[in-house]
Amino acid sequence: MIQTAGIGGLSLIVGMVLTRKVAFLQKFCVPSPVSGGILFSLITLLLYAWFHIEVTFDGTLMNVFMLAFFTSVGFQSDLKVIKKGGKLLLVMLALLVVIIALQNLMPMGVTWLMGADSLVGMAAGSMSMTGGHGTAGGFASVLEGMGLHGAGTIGMAAATFGLIAGSMIGGPLAEHIIRTKLTHEQMQPQAEEIDPAMAGIESDEASPTGRAKRVSTNEQEFQQYAKATYCIVLVMGAGTIVSWLLAKTGITFPTYFGALILAAVARNTLGLFSYKEDGKRVKADKLLDMERIISVGNICLSMFLGMAMISLRLWELQSLALPLVVILVSQVLLMAFFVYMVAFPLLGRDYDAAVLCAGMCGFGLGATPNAMANMSAVCYKYRYTVKPFLIVPIIGAMFADLINTGMITLFLNFL
């Protein structure tokens, strides 16, 4: 168990070096755990193929890190932001629900036509596309329990493919939309291009008092990260009770679902109360240091991914090569068609819609960083716009995993 964690940590360090040195990995926003983990999984593949040595890993701590990450995701689910996002955010949420459903329905059809196991379609469905490596790893044990041998390897391989594909098609597709669908007038910046909220942050940072509020000592930093860690561990523990109660319903849920839901409930319940600080009423959810909770969650995600990637048994993909390739290519074509024919018209047929389409390709096939990179590339070539950079992180960080987990659970229980 400890050796697995140690090798997983080593793969993270190797991946960080590779990401800094290899331009391809930077271009497609490939995370360090993925680049380093794949290298180690290729080594285990060679050991198996050349010397008939089968390396196995203990995933006990990997599951703990996974649970911590999804608990941090639950804490990020602040329902008040729906009001701030307005109509465009609601449209994006509706589109997300539809594409997640299609990402699961289409592989079911492919596996049925090819006579393959429908669970292979689920492994290469929304859990590895919209969900990425984290959700694919989280549901691996569920699929294994349902009879899919090598579910973790299939899911991780599909997620890696989606990560690269999402970055490859997002920018070019948005550029095609801009060149063919938008007029010169639509490309001009709007008068309200500067977001007041962003301007407020900038002015606050520029003032001496604003900067002073963000100055902290090492001891303060330790206390803040410690509090964030304690919050995550507390909800992880209580979440096991919620998961136990959910299991009593007879419906299959991933192991992390109880903690994720409980964290979301805790965050939004605290927001209903307030307390006095320096003579002012402050919302109680401010007691949660969300910046540190997200940081701790991301550390746990990196450890989980590093351990999951080194555990890939790539030789198990041999018998599934053809169905898996057909499903993954179909996923890319589905996303391109959906974004071009459905998402762009519904999002308003303007420049913001085109940039959002680039982002949708990113987090719909890969992850939120891919979406941000896609949108940045488009804006660098044309012009910057605020709304997509406010909406996509909210969708990717707060709602994608919640909606995706619910949809996958629905499909798995139907199967």
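Within any chain, residue numbers begin from 1 and follow the written order of that chain's sequence. With pLDDT at 70 or above as the cut-off, local features in this predicted model cover only qualifying residues; side-chain atom pairs require 80 or more to be listed or tallied, and sums for whole chains, interfaces and linings still use all residues. Side-chain numbers come from the whole structure's heavy atoms, not from hydrogens or water.

(A) Structural context of the overall build of the chain. Helix and strand definitions follow DSSP, with helices as H or I runs of at least four residues and strands as E runs of at least two, each counted in order from the N terminus. What the chain contains, in helices and strands, is 17 helices and two strands. Among the 415 residues that make up the chain, the fraction classed as buried is 49%. By definition in these notes, contact holds between two residues if any of their heavy atoms fall within 4.5 Å. Counting contacts in the chain only where the partners sit at least 6 residues apart, residues at least 24 apart contribute 76% of the total. Only protein chains enter the accessibility calculation, which uses a 1.4 Å probe; a residue is then buried when its area is under 20% of its type maximum, exposed when over 50%, and partly exposed in between.

(B) A look at the packing of aromatic side chains. We call Phe, Tyr and Trp rings a pair once their centres come within 6.5 Å, taking the six-membered ring for Trp, and we label the pair stacked below 30 degrees between planes, edge-to-face above 60, and tilted otherwise. Overall, the coordinates contain four aromatic pairs when judged by the stated rule. Summarising the aromatic geometry, the rings of F69 and F70 are spaced 5.0 Å apart at their centres and angled 65° between planes, so their arrangement reads as edge-to-face. The pair formed by F69 and F70 is uniform in burial state, with each residue classed as buried. Ring plane angle 5° and centroid distance 3.7 Å describe the contact between F70 and Y256, whose orientation is recorded as stacked. One end of the pair, F70, is in helix α4 (residues 60-75); the other, Y256, is in the loop between α11 (218-247) and α12 (257-270), with 186 residues separating them in the sequence. When its relative accessible area of 0% is taken as the criterion, Y256 is described as buried.

(C) Representation of the layout of surface pockets within the structure. In this structure, the second largest pocket occupies an estimated 550 Å³ of space. What lines the second largest pocket is a set of 27 residues, among which M62, A140, E144, G152 and S311 lie closest to the centre. Mapped onto the lining of the second largest pocket, the elements with two or more residues apiece are α4, α7 (132-145), α8 (151-181) and α13 (290-310). Of the residues belonging to the lining of the second largest pocket, the class tally is ten nonpolar, 13 polar and four charged. Both cavities and pockets are sets of points on a 1 Å grid over the protein atoms alone; in a cavity a 1.4 Å probe fits but cannot get out, in a pocket the set is open with protein on both sides within 12 Å along at least five of seven lines, and lining residues sit with an atom within 4 Å of a point. Grid points are joined across faces, edges and corners, and a volume is the space filled by probe spheres set on the points. Under the convention adopted here, Pro, Cys and the residues Ala, Val, Leu, Ile, Met, Phe, Trp and Tyr are nonpolar, Asp, Glu, Lys and Arg are charged, and Gly plus all remaining residues are polar.

(D) Representation of the pattern of salt bridges. What counts as a salt bridge is simple: a side-chain nitrogen of Lys or Arg found within 4 Å of a carboxyl oxygen of Asp or Glu. One pass over the full model with this rule turns up four salt bridges. Between R292 and E291 there is a salt bridge; the shortest N-O distance is 3.9 Å. A residue is classified by how much of its surface remains accessible, and R292, at 11% relative accessible area, is buried. By sharing partners, the salt bridges in this structure join E221, D289, E291 and R292 into a single network.

(E) Summary view of the environment of A140. Here A140 lies in helix α7. Of the residues examined, A140 reaches a relative accessible area of 11% and is grouped as buried. Once the C-alpha coordinates of A140 and G152 are considered, the two residues, twelve residues apart in sequence, prove to be 4.7 Å apart. Ignoring any residue separated from it by four or fewer positions in sequence, one finds A140 in contact with A151 and G152.

(F) Highlighting the environment of C231. Along the chain, C231 falls in helix α11. Each C-alpha atom of the pair C231 and T71 lies 9.4 Å from the other, and the pair is 160 residues apart in sequence. For C231, the residues in contact, after removing those within four places along its chain, are F75, L288 and I293.

(G) Representation of the nonpolar core. Nonpolar cores were defined as sets of buried Ala, Val, Leu, Ile, Met, Phe, Trp, Tyr and Cys residues, with membership established by side-chain atoms within 4.5 Å. Core analysis: the biggest nonpolar cluster contains 107 residues, and F75, L143 and L347 have the highest contact counts within it. Counting residues per element, this core draws most heavily on helix α5 (residues 81-114), at 13 residues.

(H) How the structure looks around a nonpolar patch on the surface. Each patch is built from salt-bridge-free residues with over 30% relative accessible area, joining like charges within 9 Å and nonpolar side chains (Val, Leu, Ile, Met, Phe, Trp, Tyr) within 5 Å. Only the protein chains shown count as covering a residue, and every accessible area follows the Shrake-Rupley method with a 1.4 Å probe. A grouping of L46, W50, F51 and I53 is seen on the molecular surface, where their side chains present a nonpolar patch of about 460 Å² in accessible area. On the basis of relative accessibility, which here comes to 42%, the residue I53 falls in the partly exposed class.

(I) Region of the structure containing the pairing of strand β1 (residues 274-277). By this definition, two strands are paired if DSSP reports at least two bridges between them. For β1 and strand β2 (residues 280-283), the ladder comprises four bridges, and the chain directions are antiparallel. For Y275, the partnering residue across the bridge sits in β2 and is V282. Counting the residues in the hairpin turn of β1 and β2 gives two residues, including D278, whose phi is positive at 55°.

(J) Structural detail: empty space enclosed by the protein. What the rule picks out here adds up to one cavity of 30 Å³ or more. Computed from the structure, the largest cavity encloses a volume of approximately 40 Å³. Around the largest cavity, the lining residues are M92, L95, L96, I99, M335, M360, F363 and G364. Listed by contribution, the elements that provide at least two residues to the lining of the largest cavity are α5 and α15 (351-365). Counting residues per element, the lining of the largest cavity draws most heavily on α5, at four residues. Across the lining of the largest cavity, the residue classes break down as seven nonpolar, one polar and no charged.

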